[in-house]
Amino acid sequence: MTTTASNKVRLATAWFGGCAGCHMSLLDLDERLIDVVGLVDIVYSPVADIKVFPEGVDVTLVEGACCNDENVHLAHEVRERSKIVIAFGDCAVTGNVPSMRNRLDRDQMINSVYFEGPGKPPPTSVLGHFLPTLIPKVLPLHQVIPVDIFLPGCPPDPERIWAAIVALLKGEPVLLPEEMRSFG
Amino acid sequence: MSVVTLTINDKLVSAQAGQSLLSAIKDQGIDIPTLCCLEGLTDWGGCRLCMVEVVGSPRLVASCVTPVAEGMVIQTESQRLTAYRKMIVELLLSERNHICASCVMNGGCELQSVAAKLGVDHVRYDYLCPDLPMDASHERNVMDPNRCILCTRCVRVCDQVEGAHTLDVMGRGIQQRVIAGLNQAWGTSRSCTKCGKCVQVCPTGALFKKGATAAEMEKQHDFLIWILDGREKKIWRWS
């Protein structure tokens, strides 16, 4: 898994409908981040402020569920341009908390949030034009694109993230032990 | 008491006539996943996780409701069994809203543990996301049908141990629900003694004590054997 000129793994992370807790957990690798940065180039991430998802990515960690058309669009870009896609955390794996809206009517929910609440509602033209449109049902990542590895947890513990990273960097399959496989 | 001999995982063993296959398997120290089964309650065979392969039979049998028989040859582990057990757990997870992160039993849930044990790291089926309201009308407890796997442990303990039979099951298939009384708000049921046994035996967060927040609720299934031993055998375990 070494494709860049610098001989480093090209790593991307993406953030869909989630609380960023999985990214926080990634940062909780603490001093091990120094080892990671020595071995990977971070080519796309919400913490790196890169606007376009690049070509030729080795591994992409996707946090969050697919909640809107922008998430779906980026998911397809991620799949086309990444060798390995990891569903990173429970929202990506199961839909988790964002999917709790699935039992509600989408339009009624948008009305309740944007138009019936206190304060001045946004102009109706905002929704669906400048803001991404919510898809009818929040979906886990593997129901939108094929996923190679599932890393469950809310958020995944740094130890299980580290176990996955170490396996990937060694070119070994990611086989998490039982205690690292639980949801929640 | 007559004894039968059977073969479990290529090992010849003996068991008591009339004993359940699951009990004979456990006597051999073999671990087998279960959800609806709980020592002290009648066997029900609802979850089918304890199924085993019986040589000579094309179908898998639920070992908790299958009696041992002379000469029976069974396997408790195989790729086929693992595949079906995983499928069962995935179907349970997809049928309602098992969102562990917001559940009072996160970290202490039997469904969660079984899923991890079997290697269920995602669910291959569509989540059905039914609109099931919680019942918080009870003075002490809450019923959240979104977490319910219809194992009926609560129904059986209410009937067989407490003797109240407040809880029962209504409907069939995906419409099936645990109900209180004659499908009324739990808090209005006059037969409920508020003993809380149902809450303690529930394997998930479907029944929990009022006021418990995420990962706060601890359940003690062993209380059941403690009560039954005292009541039936006059053995009280005070420790």
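The rules we used
Residue numbering note: each chain is counted from 1, following its sequence as written. Lettering for chains starts from A, numbering for ligands starts from 1, and both go in the order in which the items are written. With pLDDT at 70 or above as the cut-off, local features in this predicted model cover only qualifying residues; side-chain atom pairs require 80 or more to be listed or tallied, and sums for whole chains, interfaces and linings still use all residues. Side-chain numbers here rest on the full set of heavy atoms in the structure, without hydrogens or water. Counting from the N terminus, the helices are DSSP H or I runs at least four residues long and the strands are E runs at least two residues long. Computation of the radius of gyration draws on C-alpha atoms, with the globule rule given as 2.2 Å multiplied by the number of residues to the power 0.38. To sort residues, take the accessible area from a 1.4 Å probe on protein chains only and compare it with the maximum for the residue type: under 20% means buried, over 50% means exposed, and anything in between is partly exposed. Surface accessibility follows the Shrake-Rupley procedure with a 1.4 Å probe radius. Residue values consider only the protein chains on display as shielding. Pairing between strands is defined by DSSP: at least two bridges between them are needed. The convention used is that axes are lines fitted to C-alpha atoms, helices contributing only their stretch in contact, and that angles between N-to-C directions extend from 0 to 180 degrees. UniProt positions are given in the numbering used here, feature names are shortened, and annotations may be inferred rather than shown by experiment. The criterion is simple. A nonpolar core is a set of buried Ala, Val, Leu, Ile, Met, Phe, Trp, Tyr and Cys residues joined through side-chain atoms within 4.5 Å. Domain start and stop points were drawn from an automatic or database domain assignment. Any pair of residues with heavy atoms lying within 4.5 Å of one another is described as a contacting pair. In the cavity and pocket records, a cavity denotes points on a 1 Å grid over the protein atoms alone where a 1.4 Å probe fits but cannot get out, a pocket denotes an open set with protein on both sides within 12 Å along at least 5 of 7 lines, and lining residues are residues with an atom within 4 Å of a point. Grid points are joined across faces, edges and corners, and a volume is the space filled by probe spheres set on the points. By buried area we mean the combined loss of accessible area, with a 1.4 Å probe, across both parts when two parts are placed together. Criterion for a salt bridge: a side-chain nitrogen of Lys or Arg within 4 Å of a carboxyl oxygen of Asp or Glu. Think of a polar contact as two N or O atoms within 3.5 Å of one another; within protein, one of them needs to be a possible hydrogen donor and the other a possible acceptor, and neighboring residues in sequence only count if both atoms come from side chains. Three categories are distinguished: nonpolar for Ala, Val, Leu, Ile, Met, Phe, Trp, Tyr, Cys and Pro, charged for Asp, Glu, Lys and Arg, and polar for the others, with Gly belonging to the last.

Explain the overall build of chain A to me, please; I cannot follow it from the model alone.
Broken down by element type, chain A carries 6 helices and 7 strands. Put simply, chain A runs from its N terminus to its C terminus through helices and strands in the order β-α-α-β-β-β-α-β-α-α-β-β-α. For chain A, whose C-alpha radius of gyration is 18 Å, the value lies close to the compact-globule estimate of 16 Å for 184 residues. Taking the principal axes of the C-alpha coordinates as reference, chain A spans close to 55 × 35 × 30 Å. Here chain A holds 184 residues, and the buried ones make up 49% of them. If you sum the accessible surface of chain A, you get close to 9200 Å²; carbon and sulfur atoms cover 58% of it.

Would you take a moment to explain the sheet that holds strand β2 (residues 11-16) of chain B for this structure?
Across a sheet, strands are paired by hydrogen bonds formed along the backbone, either parallel or antiparallel in direction. All names here are of chain B. Here we have 5 strands laid out as an open sheet, ordered β2-β1-β5-β3-β4, and mixed in their pairing. In the strand order of this sheet, the two ends are held by β2 and β4 (60-62), each with one partner. Between one strand and the next, the sheet's axes are offset by a mean angle of 40 degrees, whatever the strand orientation. Relative to β4, strand β3 (residues 51-54) runs antiparallel, the two being bridged by 3 bridges.

Would you take a moment to explain the UniProt feature "domain: 4Fe-4S His(Cys)3-ligated-type" (unreviewed entry) in chain B for this structure?
As recorded in UniProt, the feature "domain: 4Fe-4S His(Cys)3-ligated-type" (unreviewed entry) lies at residues 80-119 of chain B. The span residues 80-119 of chain B carries 62% helix and 0% strand; its end-to-end C-alpha distance comes to 14 Å.

Could you clarify how one ought to interpret the nonpolar core in this entry?
Nonpolar side chains in soluble globular proteins tend to be buried together. Formed by 77 residues in total, the largest nonpolar core has its most connected members in Leu141 of chain A together with Val89, Leu167 and Leu224 of chain B. There are two domains that each give this core at least three residues, and those are domain 1 (3-77) and domain 2 (84-233) of chain B. In this view, Leu141 of chain A contacts Phe16, Val62, Cys66, Ala75, Val85, Ile86, Ala87, Ala92 and Val147 of chain A; residues no more than four positions away in its chain are not counted. The next biggest cluster of nonpolar side chains, apart from the first, holds 22 residues, and it includes Leu26, Val36, Ile86 and Met180 of chain A.

What's the story with the layout of surface pockets in this structure? I'm lost.
Vacant regions in the atomic arrangement are exposed by a probe of water-molecule size rolled over the atoms. Residues and elements named next belong to chain A. Taken as a whole, the largest pocket encloses approximately 490 Å³ of empty space. Looking at the largest pocket, it is lined by 21 residues, and the ones nearest its centre are Met109, Ile110, Tyr114, Pro132 and Leu134. Elements with a minimum of two residues in the lining of the largest pocket: β4 (66-68), α5 (106-115) and β6 (134-139). With 7 residues, α5 is the largest single contributor of residues to the lining of the largest pocket.

Help me out: how do you make sense of the sheet that holds strand β7 (residues 149-151) of chain A in this one?
Residue and element names in this part refer to chain A. Spatial ordering of the open sheet is given by β2-β1-β3-β5-β7, a layout of 5 strands whose pairing is parallel. The open sheet has two free edges, formed respectively by β2 (40-44) and β7, since each of these has just one partner strand. Pairwise comparison of adjacent strand axes, ignoring direction, gives a mean angle of 25 degrees for this sheet. In this sheet, strand β3 (residues 57-63) lies alongside strand β1 (residues 9-15) in parallel orientation, the contact comprising 5 bridges. Bridging from a neighbouring strand, Ala14 pairs with Val62 of β3. Sheet contacts for helix α3 (residues 69-81): β1, β2, β3 and β5 (82-88); angle to β5, the most-contacted strand, approximately 135 degrees. On the sheet, helix α6 (residues 158-169) packs against β1, β2, β3, β5 and β7 and is oriented at approximately 155 degrees with respect to β7.

Explain the domain arrangement of chain B here, please?
How big an interface is tends to be reported as the loss of accessible area on association of its parts. Residue and element names in this part refer to chain B. By domain assignment, chain B separates into domain 1 (3-77) and domain 2 (84-233). Relative to domain 2, the C-alpha centre of domain 1 lies at a distance of 25 Å. At the interface, 22 residues of domain 1 touch 25 residues of domain 2. Here domain 1 packs against domain 2, burying approximately 1800 Å² in sum over the two surfaces, 65% of which is carbon and sulfur. The three residues of domain 1 that bury the most area against domain 2 are Leu35, Leu38 and Leu41, which together make up 35% of that side's buried surface. In this assembly, domain 1 and domain 2 are joined by 2 salt bridges. Here Glu77 ties to Arg85 by a salt bridge, and the two come within 3.5 Å at their closest N and O atoms. Taken together, domain 1 and domain 2 are joined by 9 residue pairs in polar contact (both at pLDDT 80 or more). Along the lines of polarity and charge, the residues of the side of domain 1 that touches domain 2 split into 13 nonpolar, 4 polar and 5 charged.

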